[in-house]
Amino acid sequence: MLFLLLACATPTPPEIPQASAPSEATPVEALNAMDPRTPVPLQPMMAWHQKQNMQAHLVAIEGITAALAEEDWEGVQASASAIQSSPQMAMQCEHMGAGAEGFTALALDFHQRADGIAIAAAEQDQKRVLQATAHTLKACTSCHAQYRQDLVDAQTWSLRTGSSTAH
Ligand code: HEC
């Protein structure tokens, strides 16, 4: 009896209005649905690292063009060194692209293209530096046209990459 009373006294929890009905897409789902690019599964920390790398890539291009305008060849080389290929860069790109076929190959090709910038700067050849920079920028834009970040949790990342290393 006491139980019943208590049960009756328990107020029915008010129905919490759903942010979206199951059939309705969340804003992120709606965005993903209109974005035809291949998702690159990334855990939040990886996604943040990637964004920071990307911002640094753009800063490097800014530095290259500014130095080039002044014919500051060492300045061009210094800025280009931030995007040139290296074993560490390759490892990072492999990790980032582990869940998206073709991503790592594009990333490695991008860094190889960037190597050409410092080579042309060493030759003090303004036209060739510009050509190498344009060739590099083409790698930026074609990757952006093909891939987008896809935020996932550690478990999903392991499943989609076939890797057990959580990051
Ligand atoms: C191999 C692929 C790839 C290459 C090469 C690449 N990016 Fe990106 N970049 C990405 C992806 C993926 C994103 C996230 C896009 C998204 O989810 O909408 C991104 C995002 C960015 C962003 C936005 C960062 C932010 O804070 O949100 C900038 C800026 C950027 N890239 C600059 C560059 C520049 C400059 C280059 C070349 C010098 C470059 N990227 C080369 C894949 C690439």
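As shown above, the structure is provided for reference.
All residue numbers here refer to positions counted from 1 along the written sequence of the relevant chain. Under the rules for a predicted model, residues below a pLDDT of 70 receive no local features and side-chain atom pairs below 80 are neither given nor counted, while totals for whole chains, interfaces and linings still include all residues.

A. The arrangement of the overall build of the chain in detail. For the chain, the helix and strand inventory stands at eight helices and two strands. Tracing the chain from N to C terminus, the helices and strands come up as α-α-β-α-α-α-α-α-β-α. With C-beta atoms placed from the backbone, a residue is buried if 20 or more other C-beta atoms are within 10 Å of its own, exposed if 12 or fewer are, and partly exposed between those counts. Counting all 167 residues of the chain, 20% fall into the buried class. A pair of residues counts as a contact when their C-beta atoms, built from backbone coordinates, are within 7 Å of each other. For the chain, long-range pairs separated by at least 24 residues make up 69% of all intrachain contacts whose partners lie at least 6 apart in sequence. Secondary structure elements follow DSSP: runs of H or I of four or more residues count as helices, runs of E of two or more count as strands, with numbering from the N terminus.

B. Representation of the nonpolar core within the structure. Ranked by internal contacts, the top residues of the largest apolar core, which has 24 residues, are Ile64, Val76, Ala80, Ile117, Ala121 and Val129. For this core, the elements supplying multiple residues, two or more each, are strand S1 (38-42), helix H3 (44-69), helix H4 (73-80), helix H5 (87-96), helix H6 (103-122) and helix H7 (126-146). Counting residues per element, this core draws most heavily on H6, which supplies seven residues. Apart from the residues lying within four places of it in its own chain, the contact partners of Ile64 are Val76, Ser79, Ala80, Ile117 and Thr133. Each nonpolar core consists of buried Ala, Val, Leu, Ile, Met, Phe, Trp, Tyr and Cys residues. Their C-beta atoms, within 7 Å, join them into a set.

C. Inspection of H4 at higher detail. Among all positions of H4, only Val76, Ser79 and Ala80 are buried. Within H4, the buried residues cover an arc of 100° as seen down the axis, which keeps them to one side. Of the surrounding secondary structure, the elements contacted by the buried residues of H4 are H3, H6 and H7. When we speak of the arc, we mean the arc of directions from the helix axis to the C-beta atoms.

D. Examining the site of the ligand more closely. Each residue gets a C-beta atom placed from its backbone. If that atom is within 6 Å of a molecule or strand, the residue is near it. As a matter of local geometry, the ligand sits amid 20 residues, with Met54, Phe110, Cys140, Cys143 and Gln149 nearest to it. Listed by contribution, the elements that provide at least two residues to the shell around the ligand are H3, H6, H7 and strand S2 (147-151). At six residues, the largest contribution of residues to the shell around the ligand is made by H3. Side-chain classes follow a simple rule in which Ala, Val, Leu, Ile, Met, Phe, Trp, Tyr, Cys and Pro form the nonpolar group, Asp, Glu, Lys and Arg form the charged group, and the remainder, Gly included, forms the polar group. Per-class residue counts for the shell around the ligand are 13 nonpolar, five polar and two charged.

E. Representation of unusual backbone geometry. Despite not being glycine, Glu71 has its phi angle at roughly 55°, a positive value. Along the chain, Glu71 falls in the loop between H3 and H4. When the 12 C-beta atoms within 10 Å are taken as the criterion, Glu71 is described as exposed. The phi angle at Gln124 is positive, at roughly 55°, despite the residue not being glycine. Summarising the element assignment, Gln124 is placed in the loop between H6 and H7.

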